[in-house]
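# Structural overview for review
What follows is each chain in one-letter form.
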Amino acid sequence: MSVDTLSVMDEELRSLMDRLEPEAAGSPHYARLVAAEDPEELARVLVEPRRPLWAREIAAFRLGCAGDRRAFEALVLLLNHRDPERCVSAAHALAVLDDPRTPRAAAALATNALRTAYALHPVRLLTTLRAPESVPALVATLQRLLAPGDPHWRVALACVEGLGSLADEQARPVLTAALPHPRLGTAAAEALGRLPGA
């Protein structure tokens, strides 16, 4: 693992600690979980009853960043949380974890019409993963969000930007359909310009 990667991970952990310390409200378990070196101790937090969400999040994040796949289910739940900051941390840990189940889980969250309000970070994670599931899921999500009056334009924009980054020809029809959209047109044109043969 490169020095730059370690630096980013340290920064993400510091951000997580700064966010969750007030939530822990002085609990002695907070410092213990942040400093714990035994993965078994962290893994127990994920299965023990009545553990607060902040404790489960610290344990899942630290296990995920250490490559321990026992964190997978907890991180997927956090990826679709109503709190965007929890989603950001979960997406980072899932990307580091590199579990083969992650693309399918992210695609399921991104394409779930009942959870569109919380789909921004699953969409961004799919772009980061560059998995076989990424383009079909982003295309399907964007197609649905192009319906007149749909309020989730930020998720749609993330889909457009992701498809531009992935530069897959499968995206051409839906990106072309996005060109007239007042909030998406410029990004769609840029994304089309990145496709093969543009």
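Quick look at the structure, then. (Residues numbered from 1 in each chain as written. Predicted model: local features only at pLDDT ≥ 70, side-chain atom pairs only at ≥ 80, totals over all residues. Heavy atoms only, no water.)

## Focus on the pattern of salt bridges
Within the structure shown, the criterion is met by 12 salt bridges. Between Arg51 and Glu48 there is a salt bridge, and its shortest N-O distance comes to 2.9 Å. Overall, the relative accessible area of 24% leaves Arg51 in the partly exposed class. One network of salt bridges, with partners in common, ties together Arg19, Glu23, Glu57, Asp83 and Arg86. (Salt bridge = Lys/Arg side-chain N within 4 Å of Asp/Glu carboxyl O. Buried < 20%, exposed > 50% of the residue type's maximum accessible area, 1.4 Å probe, protein only.)

## Focus: the environment of Cys159
Tracing the sequence through the fold places Cys159 in helix α10 (residues 153-166). For Cys159, a relative accessible area of 0% puts it in the buried group. C-alpha separation for the pair Cys159 and Ala188, spaced 29 residues apart in sequence, amounts to 9.7 Å. If near-sequence neighbours (up to four positions away) are discounted, Cys159 is found in contact with Val123, Leu138, Thr141 and Leu142. (Helix = DSSP H or I, 4+ residues; strand = E, 2+ residues; numbered from the N terminus. Contact = heavy atoms within 4.5 Å.)

## Topic: the nonpolar core
Membership of the largest hydrophobic core comes to 64 residues, with the highest contact counts inside it found for Trp54, Ile58, Leu75, Leu94, Leu142, Leu163 and Leu175. The contact partners of Leu94, leaving out residues within four places of it in the chain, are Phe72, Leu75, Val76, Leu79, Thr102 and Leu125. (Core = buried A, V, L, I, M, F, W, Y, C linked by side-chain atoms within 4.5 Å.)

## A short note on the packing of aromatic side chains
Enumeration over the complete set of coordinates arrives at one aromatic pair. Ring centres of Tyr30 and Trp54 lie 6.4 Å apart, and the angle between their planes is 55 degrees; on these two criteria the pair is classed as tilted. Placement of Tyr30 in helix α2 (residues 28-35) and of Trp54 in helix α4 (residues 53-65) is noted, with a sequence separation of 24 residues between them. For the residue pair Tyr30 and Trp54, the accessibility class agrees, reading buried in each case. Over the face of the ring belonging to Phe72 we find Arg101, whose NZ or CZ atom lies 4.1 Å from the ring centre. Taking NZ or CZ as reference, Arg183 lies 4.3 Å from the ring centre of Trp153, over its face. (Phe/Tyr/Trp six-rings, centres within 6.5 Å; stacked < 30°, edge-to-face > 60°. Lys NZ or Arg CZ within 6 Å of the ring centre and 35° of its normal.)

## Description of the side chain of Arg86
Tracing the chain through its elements places Arg86 in helix α6 (residues 84-97). A distance of 2.6 Å separates polar atoms of two side chains, one belonging to Arg86 and the other to Glu23. Leave out the neighbours within four places in its chain, and Arg86 touches Arg19, Leu20, Glu23, Leu53, Glu57, Leu78 and His81. (Polar contact = N/O pair within 3.5 Å; in protein donor to acceptor, adjacent residues only side chain to side chain.)

## Describing α10
The end-to-end C-alpha separation of α10 is 20 Å, in line with the 20 Å expected for 14 residues at 1.5 Å each. With 10 of its 14 residues buried, α10 lies for the most part within the structure. Turning to α10, its buried residues are Val155, Ala156, Leu157, Ala158, Cys159, Val160, Gly162, Leu163, Gly164 and Leu166. Its buried side turned inward, α10 meets α8 (120-129), α9 (134-145), α11 (172-178) and α12 (185-193). (Expected span 1.5 Å × (residues − 1).)

Distances and angles like these do not, on their own, reveal function.
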